[in-house]
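Here is how the chains run, residue by residue.
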Amino acid sequence: GEDVEQSLFLSVREGDSSVINCTYTDSSSTYLYWYKQEPGAGLQLLTYIFSNMDMKQDQRLTVLLNKKDKHLSLRIADTQTGDSAIYFCAEKAGKLIFGQGTTLQVKP
Amino acid sequence: DARVTQTPRHKVTEMGQEVTMRCQPILGHNTVFWYRQTMMQGLELLAYFRNRAPLDDSGMPKDRFSAEMPDATLATLKIQPSEPRDSAVYFCASGLANPGTEKLFFGSGTQLSVL
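Remember, it's a predicted structure, so these values are computed and weren't measured experimentally.

1. Describing the overall build of chain A
Helices and strands together make up the secondary structure of chain A, namely 0 helices and 11 strands. When the helices and strands of chain A are listed from N to C terminus, the series reads β-β-β-β-β-β-β-β-β-β-β. For 108 residues, the compact-globule estimate of 2.2 N^0.38 gives 13 Å, and the C-alpha radius of gyration of chain A, at 13 Å, lies within 12% of that figure. Across its three principal axes, chain A shows a C-alpha extent of roughly 40 × 25 × 20 Å. Long-range contacts, defined as pairs at least 24 residues apart, comprise 55% of the intrachain contacts of chain A with a sequence gap of at least 6. A total of about 5,200 Å² of accessible surface is found on chain A, and carbon and sulfur atoms cover 48% of it.

The structure is reproduced here in structure tokens:
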């Protein structure tokens, strides 16, 4: 069945790079997504990647996709305190399936 | 600035009472999703609609939960009777279904506490 897994917590220092990892199970997923949730708010789409791509870069964000291993990562360069949030990866397997979310803590 | 609107933002009720949560999707969107978020379970998909028709409600406890779209501008999620274990944040999201990408826009959620 469909399943998306992420590590639950990541702590980095301001200015460092953050790498959030995700594994998924459905090989038929056409798009994979990263959403961000700030405290008290709904999820907000950060970026997405089509399954025939290996990499997508958008300003400080880099998404890497290893389709063979079903592994997705989100790299945030020069992490800022404003990046502190919960990050969800999601795959579209008919419906959108979310992981548990990774809480990113950015220390000054 | 188009956004998904959910009401109420907060709801405190007693066990056994009926709870109705409302969602106004973004105008022109044709898919609506209901998710429930808890610390233990994360984000669970409860139900989703396309062009107002329910496509999947397998994540929803059918004995007490019901989801409807009376028209294209309103989606409702009802719990009757409510139980303490229903306490969670309920999110509505809307999107425009394409063959492929499905970018969802989330509301701010309804925080439900059942005492």
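2. So, the sheet that holds strand β8 (residues 74-79) of chain B
By definition, the strands of a sheet pair up through backbone hydrogen bonds, in either a parallel or an antiparallel sense. All names here are of chain B. With antiparallel pairing, the 4 strands of this open sheet are ordered in space as β1-β3-β8-β7. Each edge of the open sheet is held by one strand with a lone partner, namely β1 (5-7) and β7 (65-71). Strand after strand, the sheet turns through a mean of 20° between neighbouring axes, direction not considered. Bridging between strand β3 (residues 19-24) and β8 involves 5 bridges; their strand directions are antiparallel. In the sheet register, Val19 faces β8, and the bridge partner there is Ile79.

3. Here we look at the interface of chain B and chain A
If you look at the interface, chain B gives 21 residues, while chain A gives 18 residues. Of all residues in chain B, the largest losses of buried area upon contact with chain A belong to B:Leu43, B:Glu102 and B:Phe106, amounting jointly to 29% of the total for that side. The interface formed by chain B and chain A includes 4 residue pairs in polar contact (both at pLDDT 80 or more). Contributing elements (two or more residues each) for the side of chain B that touches chain A: β4 (31-38), β5 (42-50) and β10 (104-106) of chain B. For the side of chain B that touches chain A, the element with the highest residue contribution is β5(B), accounting for 4 residues. Of the residues assigned to the side of chain B that touches chain A, the class counts are 8 nonpolar, 9 polar and 4 charged.

Rules used in this analysis
Residues numbered from 1 in each chain as written. Chains lettered and ligands numbered in written order. Predicted model: local features only at pLDDT ≥ 70, side-chain atom pairs only at ≥ 80, totals over all residues. Heavy atoms only, no water. Helix = DSSP H or I, 4+ residues; strand = E, 2+ residues; numbered from the N terminus. Rg over C-alpha atoms; globule rule 2.2 N^0.38 Å. Contact = heavy atoms within 4.5 Å. Areas by Shrake-Rupley, 256 points an atom, 1.4 Å probe, with all protein chains shown as cover. Pairing = 2+ DSSP bridges. Axes fitted to C-alpha atoms, helices over the stretch in contact; angles between N-to-C directions. Buried area = accessible area lost by both parts, 1.4 Å probe. Polar contact = N/O pair within 3.5 Å; in protein donor to acceptor, adjacent residues only side chain to side chain. Nonpolar A, V, L, I, M, F, W, Y, C, P; charged D, E, K, R; others polar.

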